[in-house]
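# Report on the structure
For reference, the chains in residue letters:
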Amino acid sequence: MANLKSLAKDTAIYGLSSIVGRFLNYLLVPLYTAKLSAESGGYGVITNVYAYTALLLVVLTYGMETTFFRFVNKEGEDPRRVYSTILISVGSTSLAFIALVLAFIGPVSAFMGYADHPSYVWTMAMTVAIDAFQCIPFAYLRHTKRPLKFAALKLLFIVMNIVLNLVCFVAMPAMTGRPTDVGFAFYVNLACTASITFCFWRELTGFRYVFDRALMRRMLSYSWPVLVLGIAGILNQTADKILFPYIYHSPDAHQQLGIYGAASKIAMIMAMITQAFRYAYEPFVFGKARDKDNRQTYAKAMKYFVIFTLLAFLVVVGYLGLLKFIIGRDYWSGLRVVPIVMAAEIMMGVYFNLSFWYKLTDRTIWGAWFSGAGCAVLIAVNVIFVPRYGYMACAWAGVAGYATAMLLSYFVGQRHYPISYPVGRILSYVALAAALYCGMAAANERLPLWGAVAVNTALIAVFVAYTVKRDFPLSALPVVGRRFRKPAKKDNDINQDNT
């Protein structure tokens, strides 16, 4: 029990730091969209470059974060030797990556579409290389049960990033009278990432560095499937933003990508909700693995997850007229992608819930197949339809990709690890949410702002009332439920009933 309490506490700290960090980082969206007009394409450049960064981070860590946890806890392995070998390996490949990018900066910049701005590329390359190396000391902090330092460093980076961005995009233009180049967003990121490295002094010193080649070969044989799964997973999130400038043949490609990227950030509220659920649910699932009623519990958890995310979907759509002020006015034309991107995020969350069957049965290769199939569908939809329909095709490609992975995981999982999910009940909630969404869309289009907000609030109340009636009776709630429970009969009343 003590171990479970410790796990829950650590999970709360890691989860809170990640969610708070993402929320604080989210505050950069209104700053960038206010200072970088959609017409300039500046935010499109940020969206495109950071999509490359996310993919390269997976490649440059090549599964070694997960491999570290597997081997450092493996019987017969020397934890220091494991840590040292992985540090040297990831550090060496990161340095080699920087050297290659700098040596071929011209061709690489031209390929990415930034021949006139090679500084964007080498700044991004150095940032992601340092970030990849930092993943290992961060993993070491988790291994040594130091969640407070882990969370503090994550939040320190975010705070530094926000402050320096405010200096560059608000204070400097006010003093000089000239707009700030979009490249400063990348320079700030590099400065903050490099600064955090010095905070790992204790984790990077005080021991002898040893590179064990035999150990490294064994770790690489373990890590390559993790790398494949990671690449497929990250491509599902970033492929559209990487491909868009190549397949949307128009001079305003970065402008359109910026509009799509900014509007999608509003939908990322769903991603934060899904991540919060993930941090709580992962330890819960593996903790319940030996219980007899575990499959029934997983089925209930799926139902409640869908209910919760559908409610969040309706809240965002219902108050989209207010939330749109998060981004600049010239990005509002992209708001129509918000419901579509949120639907894709819900499907991703359902896929995450379904994925535990192959994790619990040690058949993780299925995860690579499912994610790979979803990624292939997403890329195909983008390549075929983006040239004609623009960023709307990107949004629908996400739905198609995640729906593919979700359905494959469900049907294959029911053969290998059957779980009686309440599909009928879940679909009833989906149908109700779809009907209410249609009402909200009509209200948002035809009514003034506050009229639409009033109507949409009533529609959200309908969903809440249905949920309370079907699955969350008020009598079952703590504190509040006392008023709705029937008072217990006294002994003399029970005796009278028996007679």
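Because the structure is predicted, anything quoted here is derived from the model rather than measured. (Residues numbered from 1 in each chain as written. Predicted model: local features only at pLDDT ≥ 70, side-chain atom pairs only at ≥ 80, totals over all residues. Heavy atoms only, no water.)

### As for the overall build of the protein chain
The helix and strand tally for the protein chain stands at 21 helices and zero strands. Put simply, the protein chain has 499 residues, and 47% of those count as buried. Contacts in the protein chain between residues far apart in sequence, at least 24 positions, make up 81% of those at least 6 positions apart. When the accessible surface of the protein chain is split by element, carbon and sulfur atoms take 65% of a total near 25000 Å². (Helix = DSSP H or I, 4+ residues; strand = E, 2+ residues; numbered from the N terminus. Buried < 20%, exposed > 50% of the residue type's maximum accessible area, 1.4 Å probe, protein only. Contact = heavy atoms within 4.5 Å. Areas by Shrake-Rupley, 256 points an atom, 1.4 Å probe, with all protein chains shown as cover.)

### Here we look at the packing of aromatic side chains
If you walk through the whole model with that rule in mind, you get 26 aromatic pairs. Considering the side-chain rings of Tyr83 and Phe207, the 5.6 Å spacing of their centres and the 45 degrees angle between planes classify their relative orientation as tilted. Of this pair, Tyr83 sits in helix 5 (residues 79-103) while Phe207 sits in the loop between helix 10 (201-204) and helix 11 (213-247), and the two are 124 residues apart along the sequence. Linked through ring pairs, Phe68, Phe69, Tyr83, Tyr140, Phe207 and Tyr209 together constitute an aromatic cluster. Directly above the ring of Phe138 sits Lys154, whose terminal nitrogen or CZ lies 4.2 Å from the centroid. (Phe/Tyr/Trp six-rings, centres within 6.5 Å; stacked < 30°, edge-to-face > 60°. Lys NZ or Arg CZ within 6 Å of the ring centre and 35° of its normal.)

### Looking at unusual backbone geometry
Backbone geometry at Tyr62 places phi at a positive 35 degrees, although glycine is not the residue there. Mapped onto the elements of the fold, Tyr62 is located in the loop between helix 3 (42-61) and helix 4 (64-72).

### Quick look at the packing of helix 13 (residues 294-318) against helix 19 (residues 423-446)
Orientation of helix 13 relative to helix 19, taken along the N-to-C sense of each, is 0 degrees, at an axis distance of 10 Å. When the interaxial angle is binned, helix 13 and helix 19 end up roughly parallel. Here Met302, Lys303, Val306, Ile307, Leu310, Phe313, Leu314, Val317 and Gly318 of helix 13 come into contact with helix 19, specifically with Arg425, Ile426, Tyr429, Val430, Ala433, Leu436, Tyr437, Met440 and Asn444. (Axes fitted to C-alpha atoms, helices over the stretch in contact; angles between N-to-C directions. Parallel < 35°, antiparallel > 145°, perpendicular 65-115°, else oblique.)

### As for the confidence of the model for the protein chain
Averaged over all residues, the pLDDT of the protein chain is 85; the fraction at 70 or higher stands at 84%. Confidence drops under pLDDT 50 across residues 494-499; counting only partners more than four residues distant or on other chains, this segment forms two contacts. (pLDDT = per-residue confidence, 0-100.)

### Comments concerning a nonpolar patch on the surface
Residues Leu322, Phe325, Leu449 and Trp450 make up a contiguous nonpolar surface patch of about 420 Å² in total accessible area. Of note, Phe325 is situated in the loop between helix 14 (320-323) and helix 15 (338-354). (Patch = residues over 30% accessible without salt bridge, like charges linked within 9 Å, V, L, I, M, F, W, Y side chains within 5 Å. Salt bridge = Lys/Arg side-chain N within 4 Å of Asp/Glu carboxyl O.)

### Overview of the packing of helix 7 (residues 118-143) against helix 9 (residues 183-197)
Between helix 7 and helix 9, the least distance of the axes is 9 Å, while the angle of their chain directions is 25 degrees. Considering their axes alone, helix 7 and helix 9 lie roughly parallel with respect to each other. Handedness of the helix 7/helix 9 crossing: left-handed. Judged by residue contacts, Ser119, Tyr120, Trp122, Thr123, Met126, Thr127, Ile130, Asp131, Gln134 and Phe138 of helix 7 engage Gly183, Phe186, Tyr187, Asn189, Leu190, Thr193, Ala194, Ile196 and Thr197 from helix 9. (Left-handed = near helix turned anticlockwise from the far one by under 90°.)

### A short note on the pattern of salt bridges
The final tally for this structure, using the stated rule, is eight salt bridges. Residues Arg218 and Glu77 are paired through a salt bridge, measuring 2.6 Å at the closest nitrogen-oxygen approach. Within this pair, whereas Arg218 is found in helix 11, its partner Glu77 is found in the loop between helix 4 and helix 5, the two being separated by 141 residues in sequence. Classification of Arg218 as partly exposed rests on a relative accessible area of 37%. Among the residues examined, Glu77 registers a relative accessible area of 18% and is labelled buried. Between Asp471 and Arg425 there is a salt bridge, with its nearest N and O atoms 3.0 Å apart. Here Asp471 is found in the loop between helix 20 (449-470) and helix 21 (491-498), whereas its partner Arg425 is found in helix 19, with 46 residues between them in sequence. Judged by relative accessible area, which is 26%, Arg425 ranks as partly exposed. One salt-bridge network, in which partners are shared between bridges, spans Arg146, Lys149 and Glu203.

### Some details on the side chain of Thr193
Inspection of the secondary structure puts Thr193 in helix 9. For Thr193, a relative accessible area of 3% gives the class buried. Polar contacts involving the side chain of Thr193 include one to the main-chain carbonyl oxygen of Asn189, which spans 2.8 Å. Setting aside residues no more than four positions away along its own chain, Thr193 makes contact with Thr127, Ile130, Asp131, Gln134 and Phe157. (Polar contact = N/O pair within 3.5 Å; in protein donor to acceptor, adjacent residues only side chain to side chain.)

### Here we look at the side chain of Glu203
Within the secondary structure, Glu203 is located in helix 10. According to the relative accessible area criterion, Glu203 is buried, its value standing at 2%. If sequence neighbours within four positions are ignored, Glu203 has contacts with Tyr83, Pro137, Tyr140, Leu141, Arg146 and Lys149.

### Details of helix 3
Taking 1.5 Å of rise per residue, 20 residues should cover 28 Å, and helix 3 covers 29 Å from first to last C-alpha, within 8% of that figure. Where burial is concerned, most of helix 3 is hidden: 16 out of the 20 residues are buried. Two residues or fewer past helix 3, Tyr62 is found with a positive phi of approximately 35 degrees. (Expected span 1.5 Å × (residues − 1).)

### Notes on the environment of Ile326
Residue placement: Ile326 occurs in the loop between helix 14 and helix 15. Along the backbone, Ile326 and Pro30 are 296 residues apart, and their C-alpha atoms lie at a distance of 5.2 Å. If we ignore the near neighbours within four places in the chain, the residues touching Ile326 are Tyr26, Val29, Pro30 and Thr33.

### A look at the environment of Val58
Of note, Val58 is situated in helix 3. With 175 residues separating them in the primary sequence, Val58 and Gly233 have C-alpha atoms 9.6 Å apart. In this structure Val58 touches Leu227, Gly230, Ile231 and Ile234, once residues within four positions along its chain are discounted.

### Re the environment of Arg329
Checked against the element boundaries, Arg329 lands in the loop between helix 14 and helix 15. By relative accessible area, Arg329 is classed as exposed at 62%. The spatial distance from the C-alpha of Arg329 to the C-alpha of Ala38 is 9.0 Å, given a sequence separation of 291 residues.

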